[in-house]
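These are the residues of each chain, in order.
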Amino acid sequence: MAATSSRTFAATTVALGVVALAHALLTWPLEAVVALFGGGAVVAFVAEAVVINLGMLEHHVGPKLLGVPLYVLFGWTGAVYVAFRVALLASDGWAAVALGAVLATAYDVLVDHQGVENGHWTYTDDLSGPRRRGVPWWNFAGWLVISAVTAGLAVPYL
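Anyway, here's the lowdown on the structure attached to this text. For clarity, every value in this text was computed on a predicted model and none was experimentally measured.

Further remarks concern the pattern of salt bridges. Counting across every chain of the model gives two salt bridges. A salt bridge links Glu117 to Arg133; the shortest N-O distance between them is 3.4 Å. Of the two residues, Glu117 sits in helix H4 (residues 93-117) while Arg133 sits in the loop between strand S5 (131-132) and strand S6 (135-136), which places them 16 residues apart along the sequence. Residue Glu117 is classed as partly exposed on the basis of its relative accessible area of 49%. One salt bridge connects Arg131 with Asp125, and the closest N-O pair in it is separated by 2.8 Å. A relative accessible area of 38% places Arg131 in the partly exposed class. Given the relative accessible area of 12%, Asp125 is considered buried.

Shown next as structure tokens:
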């Protein structure tokens, strides 16, 4: 994997998160923004740190803190925010949280394998079960749960 490719990937991911954050700041109460983006970054960090420390995932793009690349925090919250905002067009409250989690997970199903193929991360687990283009089932289950938790953090403030 070329260093330029890694930098471009990380920069693009951070840009998505920054644009999503800017949109949220312009359209949501500050408490909801802090809950989703601040709380969501904590949720994403803990989830990534757990699977990294369990030896199930290795990231190859830095900078990292405890093995977790910092760009992930922007990309995760940005993707969940976009999915949740789309879900809010069809529903509200906890129904939108559930729909947003499904949408965010569907996005991950479509793109996660590209990170594997481009060498940005490697799944190093030895768990059995289905995989989609090299991505294990538990990754998608994790996206579903953690996306719901992240979006749910904002609900009390909307």
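More follows now that the structure is in view.
Attention now goes to the side chain of Asp112. Its place among the elements puts Asp112 in helix H4. Although Asp112 is buried, it makes no salt bridge; Arg132 carries the closest opposite charge, 8.6 Å away. Discounting residues that sit within four places of it in the chain, Asp112 has contacts with Trp121, Tyr123, Val135 and Asn139.

A few words on the packing of H4 against helix H5 (residues 137-152). One can describe the packing of H4 onto H5 by two numbers: an axis separation of 8 Å at closest approach and a directional angle of 140°. As judged from the angle between their axes, H4 and H5 are oblique. Of the two possible hands of crossing, H4 and H5 adopt the one that is right-handed. Contact with H4, carried on its side by Trp94, Val97, Ala101, Val102, Ala104, Thr105, Asp108, Val109 and Asp112, involves Asn139, Phe140, Trp143, Leu144, Ser147, Ala148, Ala151 and Gly152 of H5 and no other residues of that element. Its residues placed into classes, the contact of H4 with H5 shows 11 nonpolar, four polar and two charged.

In this section: a nonpolar patch on the surface. Taken together, Leu16, Val82, Val86, Leu89, Leu99, Val102, Leu103, Tyr107, Leu144, Val145, Val149 and Leu153 make up a surface patch of nonpolar side chains, about 980 Å² in accessible area. Listed by contribution, the elements that provide at least two residues to the nonpolar patch are helix H3 (71-90), H4 and H5. It is H4 that provides the largest number of residues to the nonpolar patch, a total of four residues. With respect to the element layout, Val102 can be found in helix H4. Its relative accessible area of 46% is what places Val102 among the partly exposed residues.

Procedures and definitions
Residues numbered from 1 in each chain as written. Predicted model: local features only at pLDDT ≥ 70, side-chain atom pairs only at ≥ 80, totals over all residues. Heavy atoms only, no water. Salt bridge = Lys/Arg side-chain N within 4 Å of Asp/Glu carboxyl O. Helix = DSSP H or I, 4+ residues; strand = E, 2+ residues; numbered from the N terminus. Buried < 20%, exposed > 50% of the residue type's maximum accessible area, 1.4 Å probe, protein only. Lys, Arg positive; Asp, Glu negative; His and termini not counted. Contact = heavy atoms within 4.5 Å. Axes fitted to C-alpha atoms, helices over the stretch in contact; angles between N-to-C directions. Parallel < 35°, antiparallel > 145°, perpendicular 65-115°, else oblique. Left-handed = near helix turned anticlockwise from the far one by under 90°. Nonpolar A, V, L, I, M, F, W, Y, C, P; charged D, E, K, R; others polar. Patch = residues over 30% accessible without salt bridge, like charges linked within 9 Å, V, L, I, M, F, W, Y side chains within 5 Å. Areas by Shrake-Rupley, 256 points an atom, 1.4 Å probe, with all protein chains shown as cover.

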